[in-house]
Amino acid sequence: MVSSNLTDTQSHDRLSTTDRDRTGQTDFPIFTSHPELIYLDHAATSQKPKQVIDAMSRYLTESNGSPHRGAHKLSVEATRLYDIGRKKVAAFIGASRPEEVVFTKNATEALNLIAYTYGLSTVKAGDEIVVAITSHHSNIVPWQMVASRTGATLKFMYVSPEGDFLPGEWDKITDQTKLVAFPWVSNSLGVIHDISGLIAKAHAHGAVAVVDAAQAVGHLPVDVCALDADFLVFSGHKMYGPTGIGVLYGKHAHLEAMPPFLTGGDMIEYVEEQSTTFAAVPERFEAGTQHVEGVVGLMAAMDFIEHMGITRISEKEQRIARYAVKRLSELPFVRVYGPREGHDRGALVAFEVEGIHPHDLASILDDRGIAIRAGHHCTQPLMKSLGIMASCRASFSIYNHVGEVDALVEGLHHARRIFGYEHG
Ligand SMILES: Cc1ncc(COP(=O)(O)O)c(C=O)c1O
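It is worth spelling out the packing of aromatic side chains at this point. A ring pair, where both rings are aromatic, is described by two values, the distance of the centres and the angle of the planes. Applying the stated rule across the entire model yields 13 aromatic pairs. Relative to Tyr 240, the ring of Phe 28 has its centre 5.9 Å away and its plane inclined at 50 degrees; by these criteria the two rings are tilted. One end of the pair, Phe 28, is in the loop between α1 (8-14) and α2 (30-33); the other, Tyr 240, is in the loop between β7 (231-235) and β8 (246-250), with 212 residues separating them in the sequence. Like Phe 28, the residue Tyr 240 is buried in the burial classification.

This next bit is on the pairing of strand β15 (residues 391-395). The buried count for β15 comes to five of five residues, which makes it a mostly enclosed element. Of the two faces of β15, the one carrying Ser 391, Arg 393 and Ser 395 and the one carrying Cys 392 and Ala 394 are both buried. Where strand β14 (residues 373-375) lies against β15, three bridges are found, and the strand directions are antiparallel. The residue of β15 that forms the bridge with Ala 374 is Cys 392.

Moving on, we get to unusual backbone geometry. Residue Pro 282 is bonded to the preceding Val 281 through a cis peptide linkage, with omega at 5 degrees. Summarising the element assignment, Pro 282 is placed in the loop between β10 (276-278) and α10 (292-308). Positive phi, normally seen in glycine, also occurs at Tyr 240, with a value near 75 degrees. Residue classification places Tyr 240 among the buried positions, given a relative accessible area of 0%.

Another point: the nonpolar core. Counting 104 residues, the largest nonpolar core has Ile 93, Trp 143, Trp 184 and Leu 232 as its most contacted members. In terms of residue count, the dominant contributor to this core is α10 (eleven residues). Among the domains, domain 1 (8-42 + 309-418) and domain 2 (53-306) are the pair contributing at least three residues each to this core. Ranked by size, the runner-up nonpolar core spans 33 residues in total, among them Val 349, Ile 364, Ala 374 and Val 405.

Backbone-to-backbone hydrogen bonds pair the strands of a sheet. The strands run either parallel or antiparallel. The strand order across the open sheet built from seven strands is β2-β8-β7-β6-β5-β3-β4, with neighbouring strands paired in mixed fashion. If you trace the sheet from one side to the other, it starts and ends with β2 (101-104) and β4 (153-157), each paired once. The average undirected angle you get between the axes of adjacent strands in this sheet is 20 degrees. In this structure, strand β6 (residues 208-212) lies alongside β7, joined through three bridges in parallel fashion. Note on β7: the bridge partner recorded for Val 210 is Phe 231. Together, β3 (128-132), β4, β5 (177-183) and β6 form the strand contacts of helix α6 (residues 141-150), whose direction differs from that of β3 by roughly 165 degrees.

The sheet built from four strands is open, its strands ordered β11-β12-β15-β14 with antiparallel pairing. With partners counted over all chains shown, the strands left at the sheet margins are β11 (334-337) and β14, one partner each. Recorded for the sheet is a direction-independent mean angle of 30 degrees between the axes of neighbouring strands.

This brings us to the domain arrangement of the protein chain. When cut into domains, the protein chain gives domain 1 (8-42 + 309-418) and domain 2 (53-306). Here the C-alpha centre of domain 2 lies 29 Å away from the C-alpha centre of domain 1. Each side of the interface is counted separately: domain 1 has 36 residues, and domain 2 has 30 residues. Roughly 2600 Å² is buried in total at the junction of domain 1 and domain 2, and carbon and sulfur atoms are behind 63% of that figure.

Moving on: the side chain of Arg 393. Note on placement: Arg 393 falls in strand β15. Judged by relative accessible area, Arg 393 falls into the buried class, the value being 1%. Separated by 2.9 Å, the side chain of Arg 393 and the backbone oxygen of Asn 187 make a polar contact. Every residue in contact with Arg 393, bar those within four places of it in the chain, is listed here: Leu 40, Asp 41, Ala 43, Ala 44, Asn 187, Leu 348, Val 349, Ala 350, Ile 372, Arg 373 and His 377.

Attention now goes to the pattern of salt bridges. This structure, assessed with the given rule, holds 21 salt bridges. Between Lys 172 and Glu 169 there is a salt bridge, with the nearest N and O atoms lying 2.6 Å from each other. You can call Lys 172 partly exposed: its relative accessible area is 23%. Note on Glu 169: relative accessible area 11%, which makes it buried. Among the salt bridges present, the one from Glu 410 reaches Arg 417, with a minimum N-O distance of 3.0 Å. Taking the relative accessible area as the measure of exposure, Glu 410 reaches 34% and is therefore partly exposed.

The ligand sits among Asn 106, Ala 107, Thr 108, His 136, Ser 138, Asn 187, Asp 212, Ala 214, Gln 215, Ser 235, His 237 and Lys 238. The contact in question runs from an oxygen atom of the ligand to an N or O atom on the side chain of His 237, over 2.7 Å. At 2.6 Å, a side-chain N or O of Lys 238 approaches an oxygen atom of the ligand. Alone, the ligand offers 390 Å² of accessible surface; in the complex the protein occludes 90% of this. Looking at the shell around the ligand residue by residue, the class counts come to two nonpolar, eight polar and two charged.

Basis of the calculations
Numbering of residues begins from 1 in every chain and follows the order in which that chain's sequence is written. In keeping with the predicted nature of the model, local features appear solely for residues at pLDDT of at least 70, side-chain atom pairs appear and are counted solely at 80 or more, and the whole-chain, interface and lining totals rest on all residues. Side-chain metrics rest on all non-hydrogen atoms present in the structure, leaving aside hydrogens and water. Stacked, tilted and edge-to-face pairs are distinguished by plane angle, under 30 degrees for stacked and over 60 for edge-to-face with tilted covering the rest, among Phe, Tyr and Trp rings (Trp via its six-membered ring) whose centres lie within 6.5 Å. Secondary structure follows DSSP: runs of H or I at least 4 residues long count as helices, runs of E at least 2 residues long count as strands, and numbering of each begins at the N terminus. A 1.4 Å probe rolled over the protein chains alone gives each residue an accessible area, and that area as a share of the maximum for its type sets the label: buried under 20%, exposed over 50%, partly exposed in between. When DSSP locates at least two bridges between a pair of strands, those strands are taken to pair. Working definition of a nonpolar core: buried Ala, Val, Leu, Ile, Met, Phe, Trp, Tyr and Cys residues. They are joined through side-chain atoms within 4.5 Å. Domain delimitation follows an automatic or database domain assignment. Axis angles are defined between N-to-C directions and span 0 to 180 degrees, where every axis is a line fitted to C-alpha atoms and, for a helix, only to the segment in contact. In what follows, a contact means two residues having at least one pair of non-hydrogen atoms within 4.5 Å. As a working definition, buried area equals the accessible area (1.4 Å probe) given up by two parts on being put together, with both sides summed. Polar contacts, as counted here, are pairs of nitrogen or oxygen atoms within 3.5 Å of one another; within protein the pair requires one atom able to donate a hydrogen and one able to accept it, and residues that are adjacent in sequence qualify only if both atoms are side-chain atoms. Salt bridge, as used here: a side-chain nitrogen of Lys or Arg that lies within 4 Å of a carboxyl oxygen of Asp or Glu. Proximity is defined per residue: if any heavy atom of the residue lies within 4 Å of a molecule or strand, that residue is considered near it. Per-residue accessibility takes into account occlusion by the displayed protein chains alone, with areas from the Shrake-Rupley method and a 1.4 Å probe. Gly is put with the polar residues, along with every residue not named as nonpolar or charged; the nonpolar set is Ala, Val, Leu, Ile, Met, Phe, Trp, Tyr, Cys and Pro, and the charged set is Asp, Glu, Lys and Arg.

Structure, rendered in structure tokens:
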């Protein structure tokens, strides 16, 4: 876990309500198209740096071909780039070999792949699947499917409004548990879970650990070997890359033992009229024509992150998130969810404004050029367990700055004036 080196006092000293430092935004053409845009919705999807847009455009302009299928130069080049992409992802997340990286459409597809293959082939009636309540629907619904098809029991580990697991919740992981699934960073509360501890606890009971790193990759350093994660998933579009490309990391031994997910072209070894032998991993899990421009964009996104430096990105995001929590907590009409002030959190803050529905607030802020997310954030079981109908969420990235938090706070006062709670 990376935390800010700045103490609260130091960071507060550096902050200014007139801070219009646009550091980081010059790389992002969206801010040229929309100079007044305050984009606080990175957690939903990130804006794309010019480097990513250019790399994809260059590939489509100069090198487009169908990988793995042709003998001509364009096909060979597409194959080369696709294979380099796999190696680059493996190095980026600390996988021990490129074959442990499977390209998917997104984190959701990666989780479904695990559920339909590993889940359905290993989980049996009477087994238990334990899921953190902080999980996104993408990391809940597939396990509901596995439980209902196999007769296994699905259990949840509950948290406080600050995102801490309630006492005894980890004890739900027992020798009956076959699989434990959880997010690294909650997209709703911003809490950073102790995933090393959860993985160790799962392994102590012979269960596999599935880490949803959709809100962690691009924000925190990732080393799947050091974590000893069995599976880890993420989406390219939340880490400055394009939509349509995601990653499933799986330990080689697990992937080797798993049956295919989707079937068809390019995932086969040999096809007879009535039967098929399948390709080795990872191709076994990548049926159909591959999303090469997506991989090219993802490579450029990883280059961008490496160029910026993950520590620098993380420190900047932490600084903005801490400042946001501080400013919002000072407002008596705002309730902030997630880790308390001064505690580590992911690059987001969820909050509620008394008397104003989150959707109304999001629309009013949008009129001022401020983009936030409002709703249940695809975490309905979490919201229900905490008694929250909906919340607003501001999320941050390298292209944000503290002045935008001040604009958000001013936007909240503006909304209260519209609703008649404040005057003047
Ligand atoms: C924690 C988490 N997991 C999974 C997802 C699903 O990502 P995708 O829609 O890219 O598959 C999201 C998206 O918001 C998320 O925040």
